[in-house]
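Tertiary structure, described
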Amino acid sequence: VPGKLIVQKRKQETIEIALEYTGQEIISPFGKKYTAGSPYIFKYEKLYLSEQWNVQLFSFDSTTDPVKHPADFKNMIKLSTPIIRAKVEELSNSYWNGTKIKLPASKTATVATGTINFPKGKYVIGVSAGDVVRVFVDNKMVMNAWNPDDLINDADYHHEVTMTLKGKHTIRVEQVQWGGYGLL
């Protein structure tokens, strides 16, 4: 059935779309067969949990390169003062826009931390980041895209992990940019 459905998202709004198809026989993405004339309901859901992120921007050099010298990088993040700090509701590179501080054009690291109270459920945590990114939930690494050699195609900058969560969890995102366009 040709058609078009347009959905406009408002900031921080949960999206739930459920559609029903009745027609020819189909097989669902999970392999279940639906006979002709049987209704098949498919859904799209995206939950936006409002959270305040504490974001810090650091500058590193060849002695604290996160891939070549991971222990030195970790100490630098832990012990040094960030170039700038921000509190934001949504992670993106835009929180540095309009700052009066001259920011480095290369060799930067962003560390963002927030505590989110999750209703019980299965969640897909998705991050698009360049050049490399790691995500921790309660200090346990759940996403490790920390090898810049793995970045060949544009799609290689997006990473996802599926987790079952309930209650308060602390999320930390570490992102590194060697140069060029910063993506988070």
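Read on for an overview of the structure. (Residues numbered from 1 in each chain as written. Predicted model: local features only at pLDDT ≥ 70, side-chain atom pairs only at ≥ 80, totals over all residues. Heavy atoms only, no water.)

**Notes on the overall build of the protein**
In terms of regular secondary structure, the protein is built from one helix and 10 strands. Each of the 184 residues in the protein was classed as buried or not, and the buried ones make up 34%. Working note: accessible area of the protein is about 12400 Å², and carbon and sulfur atoms make up 51% of it. (Helix = DSSP H or I, 4+ residues; strand = E, 2+ residues; numbered from the N terminus. Buried < 20%, exposed > 50% of the residue type's maximum accessible area, 1.4 Å probe, protein only. Areas by Shrake-Rupley, 256 points an atom, 1.4 Å probe, with all protein chains shown as cover.)

**Comments concerning the packing of aromatic side chains**
Applying the stated rule across the entire model yields six aromatic pairs. Measuring from centroid to centroid gives 6.3 Å for Phe60 and Phe73, while their planes differ by 85 degrees, and the two rings are edge-to-face. Taken together, the residues span a long stretch of sequence, with Phe60 in the loop between strand 5 (53–59) and helix 1 (70–79) and Phe73 in helix 1 at a distance of 13 residues. Looking at Phe73, the relative accessible area reads 3%, which means it is buried. Seen from the ring of Trp146, Arg134 lies directly overhead, with NZ or CZ sitting 3.7 Å from the centre. (Phe/Tyr/Trp six-rings, centres within 6.5 Å; stacked < 30°, edge-to-face > 60°. Lys NZ or Arg CZ within 6 Å of the ring centre and 35° of its normal.)

**Re the pattern of salt bridges**
Applying the stated criterion across every chain yields a total of three salt bridges. In this structure, Glu174 and Arg134 form a salt bridge, with 2.8 Å as the shortest nitrogen-oxygen distance. Of this pair, Glu174 sits in strand 10 (residues 158–177) while Arg134 sits in strand 8 (residues 132–137); the two residues are 40 residues apart in sequence, bridging distant segments of the chain. Each member of the pair Glu174 and Arg134 is classed as buried. Arg172 is paired through a salt bridge with Glu174; the nearest N and O atoms lie 3.1 Å apart. With relative accessibility at 10%, the residue Glu174 sits in the buried group. What emerges from the salt-bridge pattern is a single network uniting Arg134, Arg172 and Glu174. (Salt bridge = Lys/Arg side-chain N within 4 Å of Asp/Glu carboxyl O.)

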